[in-house]
Amino acid sequence: MEALSERLSDLDSHVHGAIRVIAFYDTLMRRRVDVPALARSSAGLAACVVGIGLHGTGRVVRIAPDGREAPGPPRPTSSTAPITLDEEEIGTVWLERPGAPSPLDEVLLDRLALATATVVERYGPARTTMADPALVELVVSPDTDEAARSRALRLLGFPAGQPLRAVAVRTCLPLDKVGVLLCPTGPVKAAPLSDSGVILAASVVAPERFPAGVRAGIGAAEGPARSWEQARTALRFTSPRRPALHYAELGALALLAQVPQEVVRDNADVAAIAVVAGNPEDLETLDAYCATGSLRRAAHLLHLHHSSVAGRLERLGKALGIELTGPTGLLRAQFALAAWRLLDS
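Fair warning: this is a prediction, and the values are worked out from it, not measured in the lab.

*Asks:* Can you break down the environment of His55 residue by residue, with the values?
*Replies:* Tracing the sequence through the fold places His55 in the loop between strand S1 (49–54) and strand S2 (60–63). For the pair His55 and Leu286, spaced 231 residues apart in sequence, the C-alpha separation works out to 41 Å. For His55, the residues in contact, after removing those within four places along its chain, are Glu89, Ile90, Gly91, Thr92, Val180 and Pro184.

*Asks:* Can you break down the sheet that holds strand S6 (residues 188–192) residue by residue, with the values?
*Replies:* With mixed pairing, the five strands of this open sheet are ordered in space as S6-S7-S5-S8-S9. The outermost strands of the open sheet, each flanked by one partner alone, are S6 and strand S9 (244–246). With direction set aside, neighbouring strand axes in the sheet form an average angle of 15°. Note: strand S5 (residues 165–171) against strand S7 (residues 197–201), five bridges, orientation antiparallel. The residue bridging Val169 from the neighbouring strand is Gly197, located in S7. This element, helix H4 (residues 133–140), spans S6 and S7 of the sheet and lies at about 70° to S7.

*Asks:* Kindly report on the packing of aromatic side chains, identifying the contributing residues and their values.
*Replies:* Throughout the structure, instances matching the rule amount to one aromatic pair. For the ring pair Phe24 and Tyr25, a centre distance of 5.2 Å and an interplane angle of 85° mean the geometry is edge-to-face. The partly exposed category is assigned to Phe24, whose relative accessible area is 26%. By relative accessible area, which is 1% here, Tyr25 ends up buried.

*Asks:* An account of the side chain of Ser141 is needed here, citing residue identities and associated values.
*Replies:* Here Ser141 is to be found in the loop between H4 and helix H5 (146–156). Setting aside chain neighbours within four positions, we find Ser141 in contact with Arg149 and Ala225.

*Asks:* Break down helix H11 (residues 280–292) for me, with residues and values.
*Replies:* With 13 residues, H11 extends 18 Å from end C-alpha to end C-alpha; this agrees with the ideal 18 Å at 1.5 Å per step. Three or more residues of H11 are buried, namely Asp282, Leu283, Thr285, Leu286, Asp287, Ala288, Tyr289, Cys290 and Thr292. Its side-chain oxygen 2.9 Å from the backbone nitrogen of Glu281, Asn279 forms the N-cap of H11. Directly beyond the C-terminal end of H11, a positive phi value near 70° is found at Gly293.

*Asks:* How would you summarise the sheet that holds S1 if you had to cite specific residues and measurements?
*Replies:* Ordered in space as S2-S1-S4-S3, the four strands form an open sheet in which the pairing is antiparallel. Where the open sheet ends on each side, the last strands, each with one partner, are S2 and strand S3 (79–85). Averaged over neighbouring strand pairs, the angle between their axes works out to 15° when direction is ignored. As paired elements, S3 and strand S4 (residues 88–96) share seven bridges and run antiparallel to each other. Across the sheet, Ser79 pairs through a bridge with Leu95, a residue of S4.

*Asks:* Can you lay out unusual backbone geometry for me, pointing to particular residues and giving the numbers?
*Replies:* If you check the backbone angles, Arg32 has positive phi at about 55° while not being a glycine. With respect to the helices and strands, the residue Arg32 is situated in the loop between helix H1 (2–30) and helix H2 (35–46). A positive phi angle, close to 60°, is found at Ala47, a residue other than glycine. On the secondary structure map, Ala47 appears in the loop between H2 and S1.

Thresholds, definitions, all that
Residues numbered from 1 in each chain as written. Predicted model: local features only at pLDDT ≥ 70, side-chain atom pairs only at ≥ 80, totals over all residues. Heavy atoms only, no water. Helix = DSSP H or I, 4+ residues; strand = E, 2+ residues; numbered from the N terminus. Contact = heavy atoms within 4.5 Å. Pairing = 2+ DSSP bridges. Axes fitted to C-alpha atoms, helices over the stretch in contact; angles between N-to-C directions. Phe/Tyr/Trp six-rings, centres within 6.5 Å; stacked < 30°, edge-to-face > 60°. Buried < 20%, exposed > 50% of the residue type's maximum accessible area, 1.4 Å probe, protein only. Expected span 1.5 Å × (residues − 1). Polar contact = N/O pair within 3.5 Å; in protein donor to acceptor, adjacent residues only side chain to side chain.

Below, the structure written as structure tokens:
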């Protein structure tokens, strides 16, 4: 009976404390505080450093219990919680508590995250990455008149006249996470469309910014409609070795995308590539050789001895009916492989 009494006493204390934390944040919201004031009040309540980070703007606020900015680099967090707005994670709140977490830390962080989302939405603009697909489609469609496109851009939060580039994306990762990685500080919006995801960015996007598990084509034009067309073309040329590709890198290869698919499919070289592609090892070897144009560099990419690669290329050349080691044969193989990828895409 004594043990049960102690447990009930502890439970009652925890519930009472949780109610006080909720009431504390309700009071802060009625006072319409901003993010720094929210962090400052929370640090005093938690008696440890409190942090608030917003993904879209890159803003980080760290406040010590005395109400001042926490000095030095962030310490290891004792507990964290996501800030969610419109079903999108827009940031994180955390505690830098030395020692074991307090029993009320989870409740405190939960209320702090809700309060921060309310403050961001109230005083915004809320820098969310995900956008209404209908608005994004208006922006990238070539059939949209300029008045409707300008209105859609304003609703998406892009300043009038700002250069805008489109990225076509295929990935299992959340589009908002990919968008934030591409443009951690500038305006960026993402939305799923019928054939791929689209990301609109106000800054230049580099292929190396994409995380693993993403296939992406990057438009070169500054106008969103033309840039989206280019981005979709570049996406079709991507491969496991080059998962992110800028349209400008295609050069004359981009002309292949304009050839009717039935013409490409009937080409003898492309048909031979389709047969060879049934063997992943052969396809990888051919891809490495076409990407480097050199037997030795291909061997380096494949982590094989150059004599092994030479043997593979000799066998592949016979299967394709192409002398791969000659300049003309290499060019034929490069074009045939690129054309086959357009069909495969």
